[in-house]
Each structure stands twice: as C-alpha cells, then as structure tokens.
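# Fold and geometry: a report
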Amino acid sequence: MSPKKRTSVLPYARVTAMALVALLLVVAGVWASWGNAQHVLLSKGREHGTMTVTGCGDVVCTGRFAPGGTGESRTDMTITRSVAVEKGGRYDVVVKPGTKEAVRTGWAGGLHAWLPLAGALVLAALIIGGGLRWTRVAWASGAVGGALLVASFLAL
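First, a word on scope: everything that follows refers to the structure included in this document. On a predicted model such as this, the values are computed, not experimentally measured, just so you know.

## Quick look at the pattern of salt bridges
On inspection of all chains with the given rule, the structure shows three salt bridges. The partner of arginine 74 in a salt bridge is glutamate 47, with the nearest N and O atoms 2.4 Å apart. Separated by 27 residues along the polypeptide, arginine 74 in strand S3 (residues 74-80) and glutamate 47 in the loop between helix H1 (10-41) and strand S1 (48-56) bring together distant segments of the chain. Exposure remark for arginine 74: the relative accessible area of 21% places this residue in the partly exposed category. Taking the relative accessible area as the measure of exposure, glutamate 47 reaches 28% and is therefore partly exposed. One salt bridge connects glutamate 101 with lysine 96, and the closest N-O pair in it is separated by 3.4 Å. You can call glutamate 101 partly exposed: its relative accessible area is 25%.

What follows is the structure, encoded as structure tokens:
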C-alpha cells in the first residue's frame, strides 16, 4: 500500500489571491473610467456643443459653451483640467445631464476617458505575470493597456 499523498492548499490560495487582486484592479479601472466614458459612448440625447476655455484653475477649467443645435449658450461650464485642455482651446464636448460639467467627445475624449482602465490593465499585467505566472495573458493585458495609453497620448 502506498502512503496517502497530501496536497497543500497554499498554491491554490496564492493563485486565488492573485487572481482576485488582478480582477480588483481591472474592475477599479472600469469603475473609474465609466464616470466620463458613459457620457462619451452613450451621448445620444445629450446636449452637444463646443466649449472655448477662458480660464484654468488647479483642478478645472471654465469657459463658454456654444450648443451644436437648439439650446442656450452658457459661460459657466467646467471641464476637468488635464494636459489636453488649455486656455483658449476649443473642444467638442457633451454636457453631463443636470450639471455644468462638460466632457470631451470624439476619439480624443473617448480615449482620455478610458485612461484609468489602461493604467489598471498595465498594473494587472504585473500581477498576472508575476503572481499567477500566466505570461501570455499578462503580455496581452499589458499590450492592450499600453496601446490604449499610447493611442490616448497621440490623440490628445
């Protein structure tokens, strides 16, 4: 008779923990991105127009909004300050419903909205490759995140 083989639970716990951390990173990236991305992707029925930035603070820039169709021009619109928004610039935007906040539209706005997800994919690639040792999945995750980062940089 052969002695019973004992299997350790530790390898399974390590894989489960690393998978949960990687999943948490990706879910957090989607969650952080969706706040602006939903207005860019699902913009039908929302107010579209052009915003001319007149001034910038530390966090937001303010400016004049000229609607694309029927609607009122406004001078108190805000847009999140980033490297892509500068004083004097004109940007195609969509207005978040019920607010005075605008979000860039088009390819530049869409890619900029998904930047948190891109960073999360790059970070998750490290966890997937190092913790789970799934190298192909890690390379794919890192490549998609990196491509999204580079595309956003080029579009802005």
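## Let's talk about the pairing of S3
The pairing of strand S2 (residues 60-67) with S3 spans five bridges and is antiparallel. What sits directly across from valine 60, in S3, is threonine 80. Examined bridge by bridge, S3 and strand S5 (residues 101-104) share two bridges and lie parallel to one another. Following the sheet pairing, isoleucine 79 is matched in S5 by alanine 102.

## With respect to helix H3 (residues 115-132)
Since the α-helix advances by 3.6 residues per turn, residues separated by three or four positions end up pointing in the same direction. In this model, H3 (18 residues) spans 25 Å end to end at C-alpha, consistent with the 26 Å of a helix rising 1.5 Å per residue. Listing the buried residues of H3 in full gives Leu117, Ala118, Ala120, Leu121, Ala124, Ala125, Ile128, Gly131 and Leu132. Buried-residue contacts for H3 involve H1 and helix H4 (135-155). Of the residues one or two after H3, arginine 133 is the one with positive phi, at around 60°.

## Overview of the sheet that holds S1
Reading around the circumference, S1-S2-S3-S5-S4 is the order of the five strands in this closed barrel, with mixed pairing throughout. Adjacent strand axes in the sheet meet at a mean angle of 55°, parallel and antiparallel pairs treated alike.

Criteria and cut-off values
- Residues numbered from 1 in each chain as written.
- Predicted model: local features only at pLDDT ≥ 70, side-chain atom pairs only at ≥ 80, totals over all residues.
- Heavy atoms only, no water.
- Salt bridge = Lys/Arg side-chain N within 4 Å of Asp/Glu carboxyl O.
- Helix = DSSP H or I, 4+ residues; strand = E, 2+ residues; numbered from the N terminus.
- Buried < 20%, exposed > 50% of the residue type's maximum accessible area, 1.4 Å probe, protein only.
- Pairing = 2+ DSSP bridges.
- Expected span 1.5 Å × (residues − 1).
- Contact = heavy atoms within 4.5 Å.
- Axes fitted to C-alpha atoms, helices over the stretch in contact; angles between N-to-C directions.

Function cannot be read off these values alone, since they describe shape.
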